[in-house]
Amino acid sequence: MIRYVESIVSNDLIQRLLISLVILLASIIVLEITKRILLRITAGRVRERRAAENTFRMVKAVVASVTFLLILYVITKQVIVVYFILVAIVVVMLASWELIANLMSYYAILLYEVVTPGEYVEIGEYSGRVREVTPLYTIVEDDYGVYAVPNRLLVSKGRRLRREPVVVTVTVRVWGLEEPRSLEDLLQGIRERLEPALRMISAVPSEVTHYIDEISADSVSIKLEVLMPGPRVSKARLDSLLREIAAFMWSTGYSFSVSVESVGGWRVR
């Protein structure tokens, strides 16, 4: 029996099949380890988990192709298959270098928390607030537009910027409030409807305050203090701020005026 087994194992074809089986098992182990690593990196993040699943499908296709070619070489022992494998790997790497670099940089950003949405960064010639990090690009927003910057540039050239926020004070004067209850309703509306919108414009969460500055016989003056991203506040952002406040006040039906009183402590004339 032992001699029979030895004769089978010593058979050249059987040896090739056993080596092929080892290659197949090694590929399966590599795929399983890769899948666990990707899922661990993106744990708790729904959007990133979908990206990890897409990445895993791409890795699985590459590993399956290489495994097939290796097994084909082991069984046939044709040197030309080795050349074909090397050429195929080189072609795929050259054609997909940008894609692979951005994907690897994406997982490095997640794993080491290089940046998070809301932070300010400078990436080469681009600088602004990070809106979102996608598998291939980092979406950066500044005063002039939105840019998609390759992730590899963020990892190699990016740096965080520390910007002190600027306090923008807006005066809202309202006419036609007939009783204290009307004022309470207006302030409640500011808290429930206007504050969330201003937080989105300011990009500094939970940093919008308002208070009554002056009450006269026919009007009331309300101050709004909004933290805007520094070091300077562009006219476009101020216009967006005023438009949001005016749109809300139009919905109340009261007569009103809106003006920017100061930016960063400097009065606006």
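Our structure's up above, just so we're on the same page.
Anyway, here's the lowdown on the structure attached to this text. (Residues numbered from 1 in each chain as written. Predicted model: local features only at pLDDT ≥ 70, side-chain atom pairs only at ≥ 80, totals over all residues. Heavy atoms only, no water.)

Comments concerning the sheet that holds strand S10 (residues 266-267)
Pairing between the strands of a sheet comes from backbone hydrogen bonds, and it takes one of two forms, parallel or antiparallel.
Phase 1: Spatially, S7-S8-S6-S9-S10 is the arrangement adopted by the five strands of the open sheet, whose pairing is antiparallel. Among the strands making up the open sheet, the edge pair consists of strand S7 (208-215) and S10.
Phase 2: Two elements, strand S6 (residues 166-175) and strand S9 (residues 255-263), share eight bridges in a ladder whose sense is antiparallel. For arginine 173, the partnering residue across the bridge sits in S9 and is serine 257.
Phase 3: Here helix H7 (residues 180-202) sits on the sheet and contacts S6, S7 and strand S8 (219-228); the angle it forms with S8, its principal contact strand, is near 20 degrees. (Pairing = 2+ DSSP bridges. Helix = DSSP H or I, 4+ residues; strand = E, 2+ residues; numbered from the N terminus. Contact = heavy atoms within 4.5 Å. Axes fitted to C-alpha atoms, helices over the stretch in contact; angles between N-to-C directions.)

A closer look at the pairing of S6
Phase 1: Counting buried positions along S6 yields seven of ten residues, so the element is predominantly enclosed.
Phase 2: Where S6 meets S8, ten bridges bridge the pair, whose relative direction is antiparallel. By the bridge assignment, valine 170 is partnered in S8 with leucine 224. (Buried < 20%, exposed > 50% of the residue type's maximum accessible area, 1.4 Å probe, protein only.)

A word on a nonpolar patch on the surface
Phase 1: There is a patch of nonpolar side chains on the surface, built from Leu18, Leu21, Leu24, Leu25 and Ile28 and spanning about 440 Å² of accessible area.
Phase 2: Structurally, the position occupied by isoleucine 28 is in helix H2 (residues 12-41).
Phase 3: In this structure isoleucine 28 comes out as partly exposed when scored by relative accessible area, which is 48%. (Patch = residues over 30% accessible without salt bridge, like charges linked within 9 Å, V, L, I, M, F, W, Y side chains within 5 Å. Areas by Shrake-Rupley, 256 points an atom, 1.4 Å probe, with all protein chains shown as cover. Salt bridge = Lys/Arg side-chain N within 4 Å of Asp/Glu carboxyl O.)

What to know about the environment of isoleucine 23
Phase 1: Within the secondary structure, isoleucine 23 sits in helix H2.
Phase 2: Overall, the relative accessible area of 18% leaves isoleucine 23 in the buried class.
Phase 3: Sequence separation between isoleucine 23 and phenylalanine 68 is 45 residues, and the spatial gap between their C-alpha atoms is 9.3 Å.
Phase 4: If near-sequence neighbours (up to four positions away) are discounted, isoleucine 23 is found in contact with Thr67, Leu70, Ile71 and Val74.

Considering the environment of lysine 223
Phase 1: For lysine 223, the location among the structural elements is in strand S8.
Phase 2: With a relative accessible area of 8%, lysine 223 lands in the buried category.
Phase 3: In sequence terms lysine 223 and isoleucine 212 are eleven residues apart; their C-alpha atoms lie 6.3 Å from each other.
Phase 4: Setting aside residues up to four positions removed in sequence, lysine 223 forms contacts with Thr169, Val170, Thr171, Thr209, His210, Tyr211, Asp213 and Glu261.

Some words on the side chain of serine 27
Phase 1: Assignment of secondary structure puts serine 27 in helix H2.
Phase 2: If we skip the residues at most four places from it in the chain, serine 27 touches Val63 and Thr67.

Comments concerning the pattern of salt bridges
Proximity of charged atoms lets side chains of opposite charge pair with each other.
Phase 1: Under the definition given, this model contains six salt bridges.
Phase 2: Residue lysine 223 is joined to aspartate 213 by a salt bridge in which the shortest nitrogen-to-oxygen separation is 3.9 Å. Of this pair, lysine 223 sits in strand S8 while aspartate 213 sits in strand S7, placing them ten residues apart in sequence.
Phase 3: Taking relative accessible area as the criterion, aspartate 213 reaches 40% and is therefore assigned partly exposed.
Phase 4: With a closest N to O distance of 3.0 Å, aspartate 239 and lysine 235 form a salt bridge. Linking aspartate 239 with lysine 235, this pair stays in helix H8 (residues 235-252), spanning four residues, or about one helical turn.
Phase 5: One salt-bridge network, in which partners are shared between bridges, spans Asp213, Lys223 and Glu261.

Section: H8
Phase 1: For H8, which comprises 18 residues, the first-to-last C-alpha distance of 26 Å matches the rise-based estimate of 26 Å (1.5 Å per residue) to within 8%.
Phase 2: Restricting attention to buried positions, one finds in H8 the residues Arg237, Leu238, Leu241, Ile245, Ala246, Phe248 and Met249.
Phase 3: Contacts made by the buried residues of H8 are with strand S3 (137-142), S6, H7, S8 and S9.
Phase 4: Once H8 ends, the next one or two residues include glycine 253, with phi positive near 85 degrees. (Expected span 1.5 Å × (residues − 1).)

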